[in-house]
Amino acid sequence: QVYKRLFLVFLLFLSFNVLSQKTEISLISWNIRDFGKTKNSAELEKIAEIVRDTDILAIQEVVAGYGGAQAVAKLSDILNGKGAQWDYIISNPTNSPKYATERYAFIWKTKNIKIKNRGWLLDELNRTIDREPFLLDFYVHKQKFTVINFHSRPHDKNPEGEIEALSNFVVDSLRTPLIIAGDFNIDEKEPVFELLKSKGYNATITNQKTTLKRTCKRGEYLNYAIDNIFYSIDVKKRDGGVIDFVKLCNRIEQARKLSDHLPVFFKFILE
């Protein structure tokens, strides 16, 4: 009888631990310059090696023409050959001024992560944001979280106005655990991010440059701290940083063939 009770207690303890364990998810946000316009198969293979260990990849700067969608599909195929099953979604072209139109893309491992819709561009913001953000809901063990993929206008064309419009929309309209991933074209320390921070949002990285110089000077090849991932109060950070695929000065020219930005990674669990 005592052994039976002990066994039942053990089973209860085991089931509680299984239920209380959270799945850690990793996300990479990467502005891959002119994605679909300039990348050959060897370069796509290198990109796949850089991102293969993540669960979700959010890409900015996918070219709007056919080549962009083709490159995303090809990258997904390459990743599928590396031991895990991946799926992908590409946004429609953004409603943007000439030469600013792009697409966004998500590629993710399907083992633990599911979707129920194909995502959508935030048309409500296309009058205030040149490349309106792309929103997609993900589910891990039926728990929903949302990722917004965003590429602001250049630093000399008032990205602050776009970030303010996006922040107001997020605060007024979205309640789900939320991640905003992208190229903001300004540093997260700027005052325009105060609204998000006042609502409990945090930046994944601080004081971390993410863009590549054209040439390496005095051992320094990084330029501006403009890429980041913001996350809401109900998302718990486990780790975050950049993936430096350059590392040495003499690699800067080859590295820039992949992109002029480093990928930002974020590991998290849902509260």
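Before reading on, note that the structure itself is shown above.
Below, the structure is looked at part by part. Just so it is clear, the structure is predicted and the values come from calculations on it, not from any experiment.

1. Some thoughts on the sheet that holds strand β14 (residues 235–242)
- With respect to topology, six strands assemble into an open sheet ordered β3-β4-β2-β1-β15-β14, the strand pairing being mixed. Unpaired on one side and paired on the other, β3 (86–90) and β14 mark the two borders of the sheet. When strand polarity is set aside, the average angle formed by the axes of neighbouring strands in this sheet is 20°.
- Pairing of β14 with strand β15 (residues 264–270) involves seven bridges; the strand directions are antiparallel.

2. Digging into the packing of helix α2 (residues 41–51) against helix α3 (residues 66–80)
- Two elements in contact, α2 and α3, have axes separated by 9 Å at closest approach and are oriented at 60°. Our classification of the angle between α2 and α3 gives oblique. When you trace α2 past α3, the crossing you get is right-handed. For the pair α2 and α3, the contacting residues are Ser41, Leu44, Glu45, Ile47, Ala48 and Val51 in the first and Ala71, Lys74, Leu75, Ile78 and Leu79 in the second.
- Of the residues contributing to the contact of α2 with α3, the split by class is eight nonpolar, one polar and two charged.

3. Overview of the pattern of salt bridges
- Taken as a whole and assessed by the stated rule, the structure comprises nine salt bridges.
- The partner of Glu49 in a salt bridge is Arg52, with the nearest N and O atoms 3.1 Å apart.
- Salt-bridge contacts for Glu49 lead to Lys82; the nearest nitrogen and oxygen are separated by 2.6 Å. Linking Glu49 in helix α2 with Lys82 in the loop between α3 and β3, this pair joins segments that are 33 residues apart in sequence.
- The exposure class of Glu49 is partly exposed, given its relative accessible area of 37%.
- Look at the salt bridges and you will find they share partners, linking Glu45, Glu49, Arg52 and Lys82 into a network.

4. Topic: the packing of aromatic side chains
- Enumeration over the complete set of coordinates arrives at twelve aromatic pairs.
- Centroid distance Phe106 to Phe138: 5.5 Å. Interplanar angle 85°. Geometry classified as edge-to-face. Taken as a pair, Phe106 in strand β4 (residues 102–109) and Phe138 in strand β7 (residues 134–140) lie far apart in primary sequence, 32 residues in all. Exposure class is identical for Phe106 and Phe138. Each is buried.
- Ring plane angle 25° and centroid distance 4.7 Å describe the contact between Tyr231 and Phe266, whose orientation is recorded as stacked.

5. A look at unusual backbone geometry
- Of note in the backbone geometry, Asn158 takes a positive phi value of approximately 65° without being a glycine.
- Relative to the assigned elements, Asn158 resides in the loop between β8 (143–151) and α4 (159–173).
- Asn158 gets classed as partly exposed once you look at its relative accessible area, which sits at 42%.
- With phi around 50°, Asn207 is a residue other than glycine that occupies positive phi space.
- Within the fold, Asn207 resides in the loop between β10 (202–203) and β11 (212–217).
- Note on Asn207: relative accessible area 60%, which makes it exposed.

6. Regarding the side chain of Lys39
- Relative to the elements of secondary structure, Lys39 occurs in the loop between β1 (25–35) and α2.
- This buried residue, Lys39, is left without a salt bridge; Glu43 holds the nearest opposite charge, at 5.7 Å.
- Here Arg33 takes part through its backbone oxygen, which lies 2.7 Å from a polar atom of the side chain of Lys39.
- Reaching out from Lys39, the side chain makes a polar contact with the backbone oxygen of Leu258 at a distance of 3.4 Å.
- Each residue touching Lys39, except ones within four places of it in the same chain, is listed here: Ile32, Arg33, Asp34, Leu44, Ile47, Lys257 and Leu258.

7. A look at the environment of Leu75
- Summarising the element assignment, Leu75 is placed in helix α3.
- Separated by 50 residues in the primary sequence, Leu75 and Leu125 have C-alpha atoms spaced 29 Å apart.
- Setting aside residues no more than four positions away along its own chain, Leu75 makes contact with Phe35, Leu44, Ile47, Ala48, Leu57, Ile59 and Ile107.

Basis of the calculations
- Residues numbered from 1 in each chain as written.
- Predicted model: local features only at pLDDT ≥ 70, side-chain atom pairs only at ≥ 80, totals over all residues.
- Heavy atoms only, no water.
- Pairing = 2+ DSSP bridges.
- Helix = DSSP H or I, 4+ residues; strand = E, 2+ residues; numbered from the N terminus.
- Axes fitted to C-alpha atoms, helices over the stretch in contact; angles between N-to-C directions.
- Parallel < 35°, antiparallel > 145°, perpendicular 65-115°, else oblique.
- Left-handed = near helix turned anticlockwise from the far one by under 90°.
- Contact = heavy atoms within 4.5 Å.
- Nonpolar A, V, L, I, M, F, W, Y, C, P; charged D, E, K, R; others polar.
- Salt bridge = Lys/Arg side-chain N within 4 Å of Asp/Glu carboxyl O.
- Buried < 20%, exposed > 50% of the residue type's maximum accessible area, 1.4 Å probe, protein only.
- Phe/Tyr/Trp six-rings, centres within 6.5 Å; stacked < 30°, edge-to-face > 60°.
- Lys, Arg positive; Asp, Glu negative; His and termini not counted.
- Polar contact = N/O pair within 3.5 Å; in protein donor to acceptor, adjacent residues only side chain to side chain.

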